[in-house]
Amino acid sequence: MRILVVEDDAEAAAYLAKGLRESGYVVDHADNGMDGLYMATNETYDAIVLDRMLPRLDGLAVVETLRKAGKQTPVLILSALGEVDARVQGLRAGGDDYLAKPYAFSELLARLEALLRRGDGPTQQTRLQVGDLEMDLLARQVTRSGRAITLQPREFRLLEYLMRHAGQVVTRTMLLENVWDYHFDPQTNVIDVHVSRLRQKVDKDFDKPLIQTVRGAGYCLREPD
C-alpha cells in the first residue's frame, strides 16, 4: 500500500518513512503543505500521514481542501497540539484520526492499519504493468514479454519505484530518498550503477528500451511510442 507522509521536520520524516517502509509500505514524502496537497490531489494513496504545523500551507488547510475536492483518502493528523480542542478541530477539518506528538511508532502504525481496514482507500494494487513489462508485487516476480527477469532486492525496489511513476521524470534525490532511504547525497555513483544493471536485465535483449535517461534531470520509465 502507498502512503504519503507530509512532514517538514527532516529527522521526524526520515524516522517515520523508514518505519513504514520496513512495515511493507511504499512511502512518498513532502516537506511542506503546498507540495503535500499537490501530491495528494494528483496521485493515488491509500492513506496520508499529515503534520499539522507545516510551512507554506497549514495541515488543516490541506485536509480541508482535499475534502472539498472530494478526496476521501484517510488522513492521520500528527501534531504537538494535543489538547481536546485541537484534536476536535483536526477531526472536524476532515481528519480521520489525530495523534499527539511525541508518539510511539507502534501506536501510529496501529492507528494507520485501523484506518486502512475501514476500506476507504483504493483497492490494493498487486500488479504493475508498463508496456510488455509486468511486475507481480505479491510473488515478487518480473517478466517482459512473458520472459522472467531475475532481480536483486534493491533492483526490484528501484524498478517498482520507476514503474509506479511511469511516464514521470524521477530525480536522483527522489531515488535516494525512496529506494535507498538516504536523505543526503552520498556523492557516489550508486544510482548510476544500479540503473545500468537494471537496464542490462530489462532492456538489453529487447528492441525498444523502457528506461530513459533525462539529461540533467534523472530517469523516466515509459512505454515506447
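Keep in mind that what you see is a predicted model, and the values were worked out from it rather than measured.

Draft legend 1. A look at a negative patch on the surface. Together, Asp8, Asp9, Glu11 and Asp31 give the surface a local cluster of negative charge. Structurally, glutamate 11 is set in helix α1 (residues 10-22). Judged by its relative accessible area of 67%, glutamate 11 falls in the exposed class.

Draft legend 2. Looking closely at the packing of helix α6 (residues 153-164) against helix α8 (residues 190-202). Look at α6 against α8: their axes get within 10 Å of each other, and the N-to-C directions meet at 85 degrees. Judged by the inter-axis angle, α6 sits roughly perpendicular to α8. Within the contact between the two elements, α6 uses Arg154, Glu155, Leu158, Leu159 and Leu162 and α8 uses His194, Val195, Arg197, Leu198, Lys201 and Val202. The residue makeup of the contact of α6 with α8, split by class, is six nonpolar, one polar and four charged.

Draft legend 3. Representation of the pairing of strand β3 (residues 47-51) within the structure. Where burial is concerned, most of β3 is hidden: five out of the five residues are buried. Neither face of β3 is exposed, since Ala47, Val49 and Asp51 on one face and Ile48 and Leu50 on the opposite face are all buried. Bridge count between strand β1 (residues 2-6) and β3: four bridges; the pairing is parallel. By the bridge assignment, valine 5 is partnered in β3 with valine 49. In this fold, the crossover linking β3 to strand β4 (residues 75-79) by way of helix α3 (residues 59-68) has right-handed handedness.

Draft legend 4. View of the sheet that holds strand β5 (residues 97-100). Within the open sheet, the five strands sit side by side as β2-β1-β3-β4-β5. Their pairing is parallel. Whereas interior strands pair on both sides, the edge strands pair on one side only; in this sheet they are β2 (26-30) and β5. Strand-to-strand, the axes of this sheet are offset by a mean angle of 20 degrees, without reference to chain direction. Taken together, the four bridges between β3 and β4 define a ladder with parallel strand orientation. Residue pairing for β4: aspartate 51 is matched across the bridge by leucine 78. The strands touched by helix α2 (residues 33-42) are β1, β2 and β3; relative to β2, the strand with the most contacts, the crossing angle is about 140 degrees. Against the sheet, helix α5 (residues 105-117) makes contact with β1, β3, β4 and β5, and its axis sits at roughly 175 degrees relative to β5, the strand it touches most.

Parameters at a glance
- Residues numbered from 1 in each chain as written.
- Predicted model: local features only at pLDDT ≥ 70, side-chain atom pairs only at ≥ 80, totals over all residues.
- Heavy atoms only, no water.
- Patch = residues over 30% accessible without salt bridge, like charges linked within 9 Å, V, L, I, M, F, W, Y side chains within 5 Å.
- Areas by Shrake-Rupley, 256 points an atom, 1.4 Å probe, with all protein chains shown as cover.
- Salt bridge = Lys/Arg side-chain N within 4 Å of Asp/Glu carboxyl O.
- Lys, Arg positive; Asp, Glu negative; His and termini not counted.
- Charge placed at Lys NZ, Arg CZ, Asp CG, Glu CD.
- Helix = DSSP H or I, 4+ residues; strand = E, 2+ residues; numbered from the N terminus.
- Buried < 20%, exposed > 50% of the residue type's maximum accessible area, 1.4 Å probe, protein only.
- Axes fitted to C-alpha atoms, helices over the stretch in contact; angles between N-to-C directions.
- Parallel < 35°, antiparallel > 145°, perpendicular 65-115°, else oblique.
- Contact = heavy atoms within 4.5 Å.
- Nonpolar A, V, L, I, M, F, W, Y, C, P; charged D, E, K, R; others polar.
- Pairing = 2+ DSSP bridges.
- Right-handed = clockwise from strand over helix to strand, strands pointing away.

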